[in-house]
Amino acid sequence: MLVLDFAPVRSATASYLKVFWLSVVRAGERWMQAQASVAIEGEPPTVDVYPVLTNLTEDVREEFAVLAKAEGVCAIEARLPRDSELGVVHVHGVLEPSVRETILALSMHGPVSAAALHAAQGSKLAATAWNNRLNELCRLRLATRRKVGRQMVYELIAREVVYG
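### Describing the packing of helix 3 (residues 97-109) against helix 4 (residues 114-121)
As a packed pair, helix 3 and helix 4 sit with axes 11 Å apart at the nearest point and diverge in direction by 90 degrees. Between helix 3 and helix 4, the angle is such that the two are roughly perpendicular. Listed contacts from helix 4 to Ala105, Met108 and His109 of helix 3 are Leu117, Ala120 and Gln121. Class assignment of the residues belonging to the contact of helix 3 with helix 4 gives a composition of four nonpolar, two polar and no charged.

### A closer look at helix 3
Here helix 3 contains 13 residues, and its C-alpha end-to-end distance of 18 Å stays within 8% of the 18 Å for a straight helix at 1.5 Å per residue. All of the buried residues along helix 3 are Val99, Thr102, Ile103, Ala105 and Leu106. Where helix 3 is buried, its residues contact helix 4, helix 5 (127-139), strand 5 (143-148), strand 6 (151-156) and strand 7 (160-163).

### Remarks on the packing of aromatic side chains
This structure, assessed with the given rule, holds four aromatic pairs. Measuring from centroid to centroid gives 6.2 Å for phenylalanine 6 and phenylalanine 20, while their planes differ by 65 degrees, and the two rings are edge-to-face. In this pair, phenylalanine 6 is assigned in the loop between strand 1 (2-5) and helix 1 (14-34) and phenylalanine 20 in helix 1, connecting sequence segments 14 residues apart. Under the relative-accessibility criterion, phenylalanine 6 is labelled buried at 3%. Phenylalanine 20 gets classed as partly exposed once you look at its relative accessible area, which sits at 32%. Ring geometry for tryptophan 21 and phenylalanine 64: centres 5.1 Å apart, planes at 85 degrees, overall edge-to-face. Residue tryptophan 21 is located in helix 1, and its partner phenylalanine 64 is located in helix 2 (residues 58-71); the two are separated by 43 residues in the primary sequence. Pair check on accessibility: tryptophan 21 and phenylalanine 64 agree, each one buried.

### Focus on the environment of threonine 57
Within the fold, threonine 57 resides in the loop between strand 2 (51-54) and helix 2. Here threonine 57 falls in the buried class, since its relative accessible area comes to 18%. Sequence separation between threonine 57 and alanine 12 is 45 residues; the distance between their C-alpha atoms is 10.0 Å.

### Let's talk about helix 5
For helix 5, with 13 residues, the first-to-last C-alpha span of 18 Å sits near the 18 Å given by 1.5 Å per residue. Trp130, Arg133, Leu134, Leu137 and Cys138 are the residues of helix 5 that are buried. Buried positions in helix 5, seen along its axis, are confined to an arc of 150 degrees and lie on one side of it. In helix 5, the exposed positions angled more than 90 degrees off the buried face are occupied by Thr128 and Asn132. Count one or two residues on from helix 5 and you reach arginine 141, which has phi positive near 70 degrees.

Analysis parameters
Counting restarts for each chain: residues are numbered from 1 in the order of the written sequence. At least 70 in pLDDT is required for a residue's local features to be given in this predicted model, at least 80 for side-chain atom pairs to be given and counted, and no such filter applies to totals for whole chains, interfaces and linings, which use all residues. Each side-chain value is worked out from all heavy atoms of the structure, with water and hydrogens disregarded. For helices, the axis comes from a line fit to the C-alpha atoms of the stretch in contact; other axes are also lines fit to C-alpha atoms, and the angle between any two N-to-C directions lies between 0 and 180 degrees. Only DSSP runs of H or I covering at least 4 residues are called helices, and only runs of E covering at least 2 are called strands; the numbering of each starts at the N terminus. By the definition adopted for this analysis, an angle is roughly parallel if under 35 degrees, roughly antiparallel if over 145, roughly perpendicular if from 65 to 115, and oblique otherwise. Residues are treated as being in contact if the distance between any of their heavy atoms lies within 4.5 Å. Throughout this entry, Asp, Glu, Lys and Arg are counted as charged residues, while Ala, Val, Leu, Ile, Met, Phe, Trp, Tyr, Cys and Pro are counted as nonpolar. The remaining residues, Gly among them, count as polar. Helix span is expected to be 1.5 Å times the residue number reduced by one. Any residue under 20% of the maximum accessible area for its type is buried, any over 50% is exposed, and the rest in between are partly exposed; the area is computed with a 1.4 Å probe on protein chains only. Pairing of aromatic rings covers Phe, Tyr and the six-membered ring of Trp, with a centre-to-centre limit of 6.5 Å; geometry is then stacked below 30 degrees between planes, edge-to-face above 60, and tilted otherwise. Starting at the helix axis, one direction is taken to each C-beta atom, and the arc is that of these directions.

Quick look at the structure:
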């Protein structure tokens with residue numbers, strides 16, 4: 001987790017946030033893609049990073065929300081407790097209903113594999129559909145994954161994920 005503390009920042013332009021914050025978000029996305037491919041010379045490095053924003057003013061929060069919606073990503077905001085574990089995070093941006101449903105399912109059953117989530121939910125969705133949804137949560141940097149045996153196990157980055 002990379003904590004970006006905005007306590008001294010009273011305002012920021014979308015162009016500044018795009019260069020600063022969005023490049024970190026995209027590095028995390030490239031890391032997800034790199035897991036299945038070979039690095040290409042000249043490409044920016046991939047980093048398994050989860051950027052979390054703290055101490056946002058209303059103006060800066062609004063800029064993040066607008067930029068996140070425009071770029072199809074999430075801005076993750078949290079108050080950090082003393083133990084630095086994330087209790088509740090607020091997500092700014094656009095979350096599709098299927099993503100919100102997956103967050104809820106993962107919060108009830110996680111850490112869990114796609115197959116186990118499929119069984120636990122008892123839904124008509126196939127395990128592969130759950131896998132795709134869980135990978136989308138990882139791309140959005142809302143969940144982590146780790147290999148356990150032959151399966152990937154997914155877990156939310158916080159105890160609770162709140163949209164908006």
